[in-house]
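# Results of the structural survey
Spelled out from the first residue to the last, the chains are:
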Amino acid sequence: MRRMLVALIFCLLFAGCSRASEDAGSMAAYEGYYKAIQDNDRFQERSLYYSLSGELVTLSDRTHRYYVFLDDAQIAMYDVVLLAVENHTAYEDADHMMPSIGVFESTEYSLIPYQSRADAGFVKGLVLSGECDSDEVELDLLVEWRDKNKENAHREYLELTLTKDGFLYTEEEVEDAEEQLDE
């Protein structure tokens, strides 16, 4: 009986240490992604590999909730990681966790064009959600994914301004989009 009790205690301690180690690893990954955004000096406003859209809604307490939708994958994207930093906030100055996908979850998310099977981690799209105090939020996004063999990682950094009307784009971007529609 005493051996069983010692074995049970050992198992509980080991499980607790294992979970603490996973949490520390996830926090280290979060900080690494966050600082990668912070240290980056070249941002895009759109991607050739997927679509981004956004929505900003006002809540009853006069704060705002925003949603960023990543979908319409044009290539196979495995083990997707997505992190948004609000208003260029430095890691040291952040007073809350920034919204992320693929950093803390045990499930890996993949996007394959024209396919979805959510129970296996193959999703049609991903949604980030966060709260802010103003009716406009500047978002610095990191989107990372791996290729089919999970050997090569690809990263994109995007900088977008989200308002109640969606993402704001420069006049040049609007003209380019209109030209593409006319073709």
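Quick notes on the rules
- Residues numbered from 1 in each chain as written.
- Predicted model: local features only at pLDDT ≥ 70, side-chain atom pairs only at ≥ 80, totals over all residues.
- Heavy atoms only, no water.
- Helix = DSSP H or I, 4+ residues; strand = E, 2+ residues; numbered from the N terminus.
- Contact = heavy atoms within 4.5 Å.
- Buried < 20%, exposed > 50% of the residue type's maximum accessible area, 1.4 Å probe, protein only.
- Salt bridge = Lys/Arg side-chain N within 4 Å of Asp/Glu carboxyl O.
- Phe/Tyr/Trp six-rings, centres within 6.5 Å; stacked < 30°, edge-to-face > 60°.
- Pairing = 2+ DSSP bridges.
- 1 Å grid on protein atoms, 1.4 Å probe; cavity = no way out; pocket = protein on both sides within 12 Å on 5 of 7 lines; lining within 4 Å.
- Points joined across faces, edges and corners; volume = space filled by probe spheres on them.
- Nonpolar A, V, L, I, M, F, W, Y, C, P; charged D, E, K, R; others polar.

### Observations concerning the overall build of the chain
When helices and strands are tallied, the chain shows 2 helices and 8 strands. Secondary structure elements in the chain, listed N-terminal to C-terminal, are α-β-β-β-β-β-β-β-β-α. Considering only contacts in the chain between residues 6 or more positions apart, those separated by 24 or more positions represent 68%.

### Some words on unusual backbone geometry
For N87, which is not glycine, the phi dihedral falls at a positive 50 degrees. Within the element layout of this structure, N87 appears in the loop between strand 3 (78-86) and strand 4 (100-101). Of note in this structure, H88 is not a glycine but carries a positive phi near 55 degrees. Position of H88 relative to the elements: it lies in the loop between strand 3 and strand 4. For H88, a relative accessible area of 40% translates into the label partly exposed.

### Thoughts on the pattern of salt bridges
Enumeration according to the criterion identifies 7 salt bridges in this entry. Of the charged contacts, one joins K35 and E31 as a salt bridge, the two residues approaching to 3.1 Å between their closest N and O atoms. Within this pair, K35 and its partner E31 are both found in helix 1 (residues 2-39), separated by 4 residues, close to a single helical turn. One salt bridge connects E131 with R65, and the closest N-O pair in it is separated by 2.5 Å. Here the residue E131 occupies a position in strand 5 (residues 125-132), and R65 occupies one in strand 2 (residues 64-71), the gap between them amounting to 66 residues.

### With respect to the packing of aromatic side chains
Summed over all chains, the structure comprises 9 aromatic pairs. Seen in terms of ring centroids, F43 and Y157 are 6.3 Å apart; in terms of plane orientation they differ by 85 degrees. Their pairing is edge-to-face. With F43 in the loop between helix 1 and strand 1 (51-58) and Y157 in strand 7 (residues 153-163), the pair connects residues that are 114 residues apart, well separated along the chain. By relative accessible area, Y157 is classed as buried at 15%.

### Considering the side chain of S110
Within the secondary structure, S110 is located in the loop between strand 4 and strand 5. Here S110 is in contact with M77, Y78, D79, V80, G121, F122 and V123, once residues within four sequence places are set aside.

### Quick word on the environment of L162
Inspection of the secondary structure puts L162 in strand 7. With 106 residues separating them along the chain, L162 and L56 place their C-alpha atoms 7.0 Å apart. Beyond its immediate chain neighbours, meaning those up to four positions away, L162 contacts G54, E55, L56, Y66, Y67, D135, E136, V137, L139 and F167.

### Comments concerning the pairing of strand 5
Along strand 5, the buried face is formed by L126, L128, G130 and C132; none of G125, V127, S129 and E131, which line the opposite face, is buried. One ladder, built from 8 bridges, connects strand 2 with strand 5; its direction is antiparallel. Among the inter-strand pairings, H64 is bridged to a residue of strand 5, identified as C132.

### Section: the layout of surface pockets
As a volume, the second largest pocket reaches approximately 190 Å³. Of all the secondary-structure elements, those providing two or more residues to the lining of the second largest pocket are helix 1, strand 3 and strand 6 (136-146). Sort the elements by how many residues they give to the lining of the second largest pocket and strand 3 lands first, with 3 residues. When the residues that make up the lining of the second largest pocket are grouped by side-chain class, the tally is 6 nonpolar, 2 polar and 5 charged.

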